[in-house]
Amino acid sequence: MLACKQLGRVNSNGRGCYNWVCTRRDRFGRISCEVRISKTPPERLYPAMRTERLVSGRLLTSMEMKGFSLTLLSIADQEWLKLLDQPVSFSAWPGTFQVGSSPSMLQPSYQNEVKTGACAPCSGGIDATLLQGVLFSIAGVLRENASKYQELDSLVGDGDLGESMERASIVLLEFSKSMQTPADPGTTLFLLGKRLAKEIGGSSGPLYGVLLVTLAQHLPQGWAQAARASLRAVMKLGNADVGDCSMVDVLEPAVRFMEHHGGSLDDDILTNFKNQVLKAAEETASMIPQVGRSAYVGERAKGVRDPGAVVAADWLACIAEILKRRVST
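Per chain, the residues get numbers from 1 upward, laid out in the order the sequence is written. Note on the predicted model: pLDDT of at least 70 is required for a residue's local features to be given, and 80 or more for side-chain atom pairs to be given and counted; whole-chain, interface and lining totals, by contrast, use all residues. Excluded from the side-chain calculations are hydrogens and water; all other atoms, namely the structure's heavy atoms, are used.

Turning to the pattern of salt bridges, a few remarks are in order. Opposite charge on two side chains permits pairing when their charged atoms draw close. Salt bridge, as used here: a side-chain nitrogen of Lys or Arg that lies within 4 Å of a carboxyl oxygen of Asp or Glu. In this structure the tally under the stated criterion is ten salt bridges. Where Asp 314 meets Lys 148, a salt bridge forms, and the shortest distance between an N and an O atom there is 3.2 Å. Placement of the pair is Asp 314 in helix H11 (residues 307-328) and Lys 148 in helix H4 (residues 146-156), with a sequence separation of 166 residues. Connected through salt bridges with shared partners, the residues Glu 174, Arg 195 and Glu 199 form a single ionic network. Put simply, DSSP marks the helices as runs of H or I at least four residues long and the strands as runs of E at least two long, and each gets a number from the N terminus on.

Okay, structure coming up:
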């Protein structure tokens, strides 16, 4: 990302030409940018231009796609720069670095790595063996349904969700096999969230990352309260609300169900929970997407279940099945 005044120069290519970025706004208000090659330095064309900060990293990108994405952020005043430079406690944000006379010689400083101890140890009433089984089972469900996710995402998205969930299944499988017993589930979920945020492509990695990290951090308050905090974090990061046709439309009724039933777990309650989240995913087919890649498809997406909602429902339905086996023994 380039934080700049009007226009940002990427670098001189050493042959008397300049690679530079120009932006344009379409009639819908969307901003697009492209890299152009010119023998005229952009400063001469746009005297007010100055690149202020540069951010480089895996920021909501698809790792399997060739090329790169470039985002420009227009800076209104110095307060914006101060906010961009503030340290944060999430490892997916690589931090900013200032651009001097030779941008190509600068290296970003990754000073914002999350400390492992940022999550207080807590079991949340779940033992390590059960959590191990849950992670193993979810990994199997994601791997088994990867082609379904890929097909749905090819209809309304960019067609890489199946690949992303296959990577997620590998991470979950590794965690389930490497867990030491006794292990602290809170810390496990925290570290798993960090790992998913780094390993999964597209928006799924950061979204599931913030979901699990927030869940772990609020686990001492109880599962229902932690789930509500996680939902709020996902909604904030994804800029999504209920009815926008996203994973939020599955997570929100799931959280309400947990808050209503508290810690009560029996076969009927878990069956109802599973049916409710699967039904919520089905109902997204009647919605017009307002967020994510599907939003560009608009009304043409009606009749297709939201891919992210389907994945979230499969995660939750799998957890319900594992818990049913536990309560029946």
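Along the chain, Ser 294 turns up in the loop between helix H10 (267-283) and H11. The buried category is assigned to Ser 294, whose relative accessible area is 7%. Throughout, a residue-residue contact means that at least one pair of heavy atoms, one from each residue, lies within 4.5 Å. If we skip the residues at most four places from it in the chain, Ser 294 touches Val 156, Pro 289 and Asp 306. Note on exposure labels: buried denotes an accessible area under 20% of the residue type's maximum, exposed denotes more than 50%, and partly exposed covers the range between, all computed with a 1.4 Å probe on protein chains only.

Centre distance within 6.5 Å is the pairing criterion for rings of Phe, Tyr and Trp, where only the six-membered ring of Trp is used; planes under 30 degrees apart are then read as stacked, over 60 as edge-to-face, and the remainder as tilted. Counted by the stated rule, this structure contains two aromatic pairs. Pairing Tyr 208 with Trp 315 gives two aromatic rings, centres 4.7 Å apart and planes at 20°, and the pair type is stacked. Note that Tyr 208 is positioned in helix H7 (residues 204-217) and Trp 315 in helix H11, a separation of 107 residues in sequence. With respect to class, Tyr 208 is no different from Trp 315; both count as buried.

Along the chain, Glu 252 turns up in helix H9 (residues 248-261). A polar contact is formed between the side chain of Glu 252 and the side chain of Arg 256, at a distance of 2.9 Å. With residues near it in sequence (within four places) discarded, Glu 252 still touches Arg 228, Leu 231 and Val 242. Counting of polar contacts relies on pairs of N or O atoms within 3.5 Å, with two restrictions inside protein: one atom must be capable of donating a hydrogen and the other of accepting it, and residues adjacent in sequence are counted only when both atoms are side-chain atoms.

Our focus in this paragraph is the packing of H4 against H11. Only the contacting stretch of a helix is used when fitting its axis, a line to C-alpha atoms as for every element, and angles between N-to-C directions run 0 to 180 degrees. Axis separation between H4 and H11 bottoms out at 9 Å; the angle between their running directions is 155°. Relative to H11, H4 is oriented roughly antiparallel. Across from Lys 148, Tyr 149, Leu 152, Asp 153 and Val 156 in H4, the residues of H11 making contact are Pro 307, Val 310, Val 311 and Asp 314. All residues other than Ala, Val, Leu, Ile, Met, Phe, Trp, Tyr, Cys, Pro, Asp, Glu, Lys and Arg, Gly among them, are scored as polar; the first ten of these are nonpolar and the last four charged. Grouping the constituent residues of the contact of H4 with H11 by class yields six nonpolar, no polar and three charged. For classification purposes, an angle smaller than 35 degrees is called roughly parallel, one larger than 145 roughly antiparallel, one from 65 to 115 roughly perpendicular, and anything else oblique.

Below, the discussion takes up the confidence of the model for the protein. Detailed reading of the predicted coordinates is not advisable wherever pLDDT is low. pLDDT gives the predictor's per-residue confidence on a scale running from 0 to 100. Residues with a pLDDT of 70 or more make up 67% of the protein, whose mean pLDDT is 76. Of all the helices and strands in the protein, strand S2 (residues 9-12) carries the lowest mean pLDDT, 40, while H10 carries the highest, 96. Scored below 50 in pLDDT, residues 2-38 makes 105 contacts in the model with residues more than four places away or belonging to other chains. For the stretch residues 100-117, pLDDT sits under 50, and the model shows 27 contacts to residues farther than four places along the chain or on other chains.

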